[in-house]
Amino acid sequence: MRVVVQNDINRARQGRAHAHPRRRAGARGALAALALAALVSGCGRSGSGAAVHPAQGAQPLHAPPARALDSYATKLRAEYAARVAAAKRWGLAKVPLAAPPAPAHKPEITARKGFEVDDQEELNLPPVFTTIPTDKKIVFLTIDDGENKDPAFLRMMSDLKIPYTAFLSNYLVKDDYAYFRKMQAQGHTVNNHTLTHPYLPGLSYAEQKREICGMQDIMKKQFGKAPTLFRPPYGNYNHDTLVAAKSCGIKYAPIWDEEVFVDHWEYREDDKSLHPGDIVLTHFRGREDWKGTMVDDMRRFLGKVTAEGYAVARLEDYL
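Residues numbered from 1 in each chain as written. Predicted model: local features only at pLDDT ≥ 70, side-chain atom pairs only at ≥ 80, totals over all residues. Heavy atoms only, no water.

Draft legend 1. Main features of the nonpolar core. By size, the foremost hydrophobic cluster in this structure holds 41 residues, and its most contacted members are F153, M183 and F301. Mapped by element, the contributors of at least two residues to this core are α3 (66–89), β2 (138–145), α4 (151–160), β3 (165–168), α6 (177–185), α7 (205–223) and α9 (294–307). In this structure F301 touches V139, L141, V260, W265, V280 and V312, once residues within four positions along its chain are discounted. Membership of the second largest hydrophobic core comes to 23 residues, among which are I138, F140, F167 and I279. (Core = buried A, V, L, I, M, F, W, Y, C linked by side-chain atoms within 4.5 Å. Buried < 20%, exposed > 50% of the residue type's maximum accessible area, 1.4 Å probe, protein only. Helix = DSSP H or I, 4+ residues; strand = E, 2+ residues; numbered from the N terminus. Contact = heavy atoms within 4.5 Å.)

Draft legend 2. Summary view of the side chain of R231. Mapped onto the elements of the fold, R231 is located in the loop between α7 and α8 (239–247). With relative accessibility at 0%, the residue R231 sits in the buried group. Polar side-chain contacts of R231 include one of 3.1 Å to the backbone oxygen of P254. The residues contacting R231, other than those within four sequence positions of it, are T142, D144, F167, N192, H193, P254, I255, W256, I279 and L281. (Polar contact = N/O pair within 3.5 Å; in protein donor to acceptor, adjacent residues only side chain to side chain.)

Draft legend 3. How the structure looks around a negative patch on the surface. Taken together, E116, D118, D119, E121 and E122 make up a surface patch of like negative charges. Turning to its location among the elements, E122 is positioned in the loop between α3 and β1 (128–129). Look at E122 and you get exposed, because its relative accessible area is 64%. (Patch = residues over 30% accessible without salt bridge, like charges linked within 9 Å, V, L, I, M, F, W, Y side chains within 5 Å. Areas by Shrake-Rupley, 256 points an atom, 1.4 Å probe, with all protein chains shown as cover. Salt bridge = Lys/Arg side-chain N within 4 Å of Asp/Glu carboxyl O. Lys, Arg positive; Asp, Glu negative; His and termini not counted. Charge placed at Lys NZ, Arg CZ, Asp CG, Glu CD.)

Draft legend 4. Expanded view of the environment of D240. One can find D240 in helix α8. In this structure the C-alpha to C-alpha distance between D240 and Q208, which are 32 residues apart in sequence, comes to 7.5 Å. Those residues within four positions of D240 in sequence are excluded, and the remaining contacts are Y205 and Q208.

Draft legend 5. Region of the structure containing α6. All of the buried residues along α6 are Y177, Y179, F180 and M183. An end-on view of α6 places all buried positions within 160 degrees of arc, on one side of the element. Of the residues in α6, the exposed ones pointing more than 90 degrees away from the buried face are K182 and A185. The elements touched by buried residues of α6 are α4, β3, α5 (170–173), β4 (189–192) and α7. Of the residues one or two after α6, G187 is the one with positive phi, at around 105 degrees. (Arc of directions from axis to C-beta.)

Draft legend 6. Main features of the environment of L172. Structurally, L172 can be placed in helix α5. Overall, L172 belongs to the buried group, its relative accessible area being 12%. Those residues in contact with L172, other than ones at most four positions away along the chain, are D145, G146, E147 and K149.

Draft legend 7. Highlighting the state of the cysteines. All chains considered together, the criterion is met by one disulfide. A disulfide bridge connects C213 with C248, and the sulfur atoms are separated by 1.7 Å. Residues C213 and C248 are joined through a disulfide that is left-handed, its torsion about the S-S bond being -90 degrees. Remark: C248 occurs in the loop between α8 and β5 (253–254) and C213 occurs in helix α7; sequence separation between them is 35 residues. A single burial state applies to C213 and to C248, both of which are buried. (Disulfide = S-S within 2.5 Å.)

Draft legend 8. Structural detail: the packing of aromatic side chains. Taken as a whole and judged by the stated rule, the model has 10 aromatic pairs. When the centroid spacing of 5.2 Å and the interplanar angle of 70 degrees are considered together, the rings of F140 and Y318 count as edge-to-face. Of the two residues, F140 is situated in strand β2 and Y318 in the segment after β9 (311–313); the sequence distance between them amounts to 178 residues. The buried category is assigned to F140, whose relative accessible area is 0%. Ring centres 5.0 Å apart and planes at 80 degrees place the aromatic pair Y179 and F180 in the edge-to-face group. (Phe/Tyr/Trp six-rings, centres within 6.5 Å; stacked < 30°, edge-to-face > 60°.)

Draft legend 9. Broad picture of the packing of α7 against α8. Two numbers describe how α7 lies on α8: the axes approach to 9 Å, and their chain directions differ by 45 degrees. The orientation of α7 relative to α8 falls into the category oblique. Handedness of the crossing formed by α7 with α8: right-handed. Seen from α7, the contacting residues are Y205, Q208, K209, I212 and C213; seen from α8, they are D240, T241, V243, A244, A245 and S247. Residue classes in the contact of α7 with α8 are distributed as six nonpolar, three polar and two charged. (Axes fitted to C-alpha atoms, helices over the stretch in contact; angles between N-to-C directions. Parallel < 35°, antiparallel > 145°, perpendicular 65-115°, else oblique. Left-handed = near helix turned anticlockwise from the far one by under 90°. Nonpolar A, V, L, I, M, F, W, Y, C, P; charged D, E, K, R; others polar.)

Draft legend 10. Quick look at the side chain of T142. For T142, the location among the structural elements is in strand β2. Among the polar contacts listed, one links the side chain of T142 to the side chain of R231, at a separation of 2.9 Å. When residues no more than four places from it in sequence are discounted, the contact partners of T142 are T165, F167, R231, I279, V280, L281, T282 and L315.

See below:
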């Protein structure tokens, strides 16, 4: 290609020498056009025959179109407006804060100091812990037992987009598994809290294993899979409890750092305060046990955590 182009250029030059001035001017234009066409056509090559690439420079900007950004902003505004409306509808003084995205790397979960059992690390037993290691202002809501099955509670938490983790005992939920399947369908996890909610350290190893593994079997049948989280009733356990739990497929045994009731809070720590990563406990209870409903209980819970600048995050995102 280079030889052909050069011959064409030489012939053009020879003709130009004998041409009229106007014709010579036109020939010069034709010559320039011919050279440009050779370059644009991609025929320009080095002597080795390799393609000549353009110099490196700024690459095209792969940014989302302005319309996409505007659509995303509109979506965020709509989501916040929905949270504002839901907070007003459920009688909250402030709009609950949105939790940050789940961490890309999960924190290491170990047994809380003083909560270990013999051979905890050697046997790789499920750790008992009350707080998730994090510096973010988040807490985790957990709800135990399953006695009260308030449909208003499901609507409230769905409207507000508040995540929580349930720990169920079969003797309290077996009359209405469907209620907890609906909870599960809304994105909340259901976990093991034994068959009959006994004081586990008072039982033999075999009895403890029957309580934990028996509930695993029921969870798998009723909710599609056996959970990996287990909470010992009353927060009481011993070495046999954790060995039995591990044999049943349990990986974690979270308990709690604070407990919320309709009319008050209780604290494990002397400072009586919330801390980043704290696990909060409450129960499925209603007016037959408390001076209020589960909706009232959630108003107290959300009122405090929001006023103190905490968001409610999903426990399983950190395990």
